[in-house]
Structures are given as C-alpha cells and as structure tokens.
Amino acid sequence: NLTDRQWILPGARTKNGRAHHVHLSDETCAVLGRLPRISAYVFVCARRPYAGFSQDKPRLDHLSGVSGWRLHDLRRTVVSGMARLGVAPHVADKILNHQSGAISGVAAVYQRHDFMAERRDALERWGQHIAELVS
C-alpha cells in the first residue's frame, strides 16, 4: 500500500499466523514508484507472483560476484546492520515479525506494544544507510 507506505502481510502468509505490517521507507517507495505496474504483485513473472529464485540465483551470484548465500542471510544482514545503526533488538525483532526474542518470558506476556513508530524510524534509517552505500 504505497499510499499508507506499508507492506501488509496477512496472517495466512506469515509463519506465526499474525498479520504483519512493514513500513516502506522513502527509498523503498522511490524504487517501487519506478517499477512498471503490470500486475498486483511487485515481483512478477508472466503476471504471476515470482517463484523462480532457485533458478535465477546462479545468475545473481555471477552478477554480484558473491556466492554461498541464502535468502535468509538477507534478514540476518539487515538485523545486524540495524544493530550497528543503534536499533534496539526488540524493535528489530518486531520488524522481522518475531514474537519472542529480546523481550521474552514474563515480559513478553505483558508487553503488547507494537513499536510501530520505532519500527518506522528503524526502516527509514536503514533505507538512508543503504542509499549512502550505493551512492
């Protein structure tokens, strides 16, 4: 939803069964705004959701000069990078839609805040960091 600047995953599409809201940073919205709208999906192949990563990965490895990685490594890289930017672990956990993590045990029972403002700030900071890296 570019108007609200959110990517909303319904609970049926998440591992924990809970809907997940991800803030779209300025940089993300700029990239998405440059893409042609040929489908309701962002990543498409013949107007259907993209599902060919394993076939395309060797080409990505070649183009990037990096191999031996998995998609899950991107999540790890982002969270580690956010930690270097000063993002609190419990905020990063919420960005990843983890229900346990930095806040666990009894504290997790009582802590019900969604940290949306903090998540938005963290993703804006991450977007700015990536923009600096590529410029």
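Above this text is the structure in question.
Along each chain, numbering runs from 1 in the same order as the chain's sequence is written. With pLDDT at 70 or above as the cut-off, local features in this predicted model cover only qualifying residues; side-chain atom pairs require 80 or more to be listed or tallied, and sums for whole chains, interfaces and linings still use all residues. With hydrogens and water excluded, all non-hydrogen atoms of the structure serve as input to the side-chain values.

With that settled, consider the overall build of the protein. The numbering of helices and of strands both runs from the N terminus, where a helix is a DSSP run of H or I of at least 4 residues and a strand a run of E of at least 2. For the protein, the count of helices and strands is 6 helices and 4 strands. Across the 135 residues that make up the protein, the buried fraction comes to 24%. For the protein, the exposed surface amounts to about 9900 Å²; the carbon and sulfur share of it is 57%. Working definition: with a 1.4 Å probe on protein chains only, accessible area under 20% of the residue-type maximum means buried, over 50% means exposed, and in between means partly exposed. Accessible surface area values rest on a Shrake-Rupley calculation with a 1.4 Å probe, where residue burial reflects the displayed protein chains alone.

This brings us to the side chain of His20. The residue His20 is located in strand 2 (residues 20-23) in this model. Since its relative accessible area comes to 5%, His20 is described here as buried. Any two residues whose heavy atoms approach within 4.5 Å at even a single point are treated as in contact. Apart from the residues within four sequence positions on either side, His20 is in contact with Trp7, Ile8, Leu9, Thr14, Lys94, Ile95, Leu96, Asn97 and Arg119.

The next subject is the packing of aromatic side chains. Here is the rule: rings of Phe, Tyr and Trp (six-membered ring for Trp) pair when centre to centre is within 6.5 Å. Planes less than 30 degrees apart are stacked, more than 60 are edge-to-face, and the remainder are tilted. Throughout the structure, instances matching the rule amount to 1 aromatic pair. Measuring from ring centre to ring centre gives 5.8 Å for Phe53 and Trp69, while their planes differ by 65°; the resulting arrangement is edge-to-face. In this pair, Phe53 sits in helix 2 (residues 53-64) while Trp69 sits in the loop between helix 2 and helix 3 (71-84), placing the two residues 16 residues apart along the sequence.

Turning to the side chain of His23, a few remarks are in order. One can find His23 in strand 2. In this structure His23 comes out as buried when scored by relative accessible area, which is 11%. Think of a polar contact as two N or O atoms within 3.5 Å of one another; within protein, one of them needs to be a possible hydrogen donor and the other a possible acceptor, and neighboring residues in sequence only count if both atoms come from side chains. Among the polar contacts made by the side chain of His23, one reaches the side chain of Glu124 at a distance of 2.8 Å.

Okay, the nonpolar core next. Nonpolar side chains in soluble globular proteins tend to end up buried together. For our purposes a nonpolar core is just a set of buried Ala, Val, Leu, Ile, Met, Phe, Trp, Tyr and Cys residues, chained together by side-chain atoms within 4.5 Å. By size, the foremost hydrophobic cluster in this structure holds 9 residues: Val22, Met82, Val87, Val91, Ala92, Ile95, Ala122, Leu123 and Trp126. For this core, the secondary-structure elements that each account for two or more residues are helix 4 (89-95) and helix 6 (116-134). Contact partners of Val87, with chain neighbours within four places excluded, come to Met82, Ala92, Ala122 and Arg125.

In the sections that follow, a salt bridge refers to a side-chain nitrogen of Lys or Arg positioned within 4 Å of a carboxyl oxygen of Asp or Glu. Evaluation of the coordinates by the stated rule reveals 5 salt bridges. A salt bridge links Asp61 to Lys57; its shortest N-O distance comes to 2.9 Å. With a gap of 4 residues between them, Asp61 and Lys57 both fall in helix 2, about one helical turn apart. With respect to class, Asp61 is no different from Lys57; both count as buried. Salt bridges sharing common partners tie together Arg5, Asp26 and Glu124.

Further remarks concern the packing of helix 3 against helix 6. One way to put it is that helix 3 packs onto helix 6 with a least axis distance of 10 Å and a crossing angle of 100°. As summarised for this structure, helix 3 and helix 6 are arranged roughly perpendicular, according to the angle between their axes. Listed contacts from helix 6 to Thr77, Val78, Gly81 and Met82 of helix 3 are Ala122, Leu123 and Trp126. All amino acids are sorted into three groups, where Ala, Val, Leu, Ile, Met, Phe, Trp, Tyr, Cys and Pro are nonpolar, Asp, Glu, Lys and Arg are charged, and the leftover types, Gly among them, are polar. Residue classes in the contact of helix 3 with helix 6 are distributed as 5 nonpolar, 2 polar and no charged. Only C-alpha atoms enter the line fits that serve as axes; for helices the fit covers just the stretch in contact. Angles between N-to-C directions range over 0 to 180 degrees. In what follows, roughly perpendicular refers to angles from 65 to 115 degrees, roughly parallel to angles under 35, roughly antiparallel to angles over 145, and oblique to any angle outside these ranges.

Once that is clear, we can look at the environment of Thr3. Examined against the element boundaries, Thr3 turns out to sit in the segment before strand 1 (6-9). Taking the C-alpha atoms as reference points, Thr3 and Cys29, 26 residues apart in sequence, are found 9.7 Å from one another.

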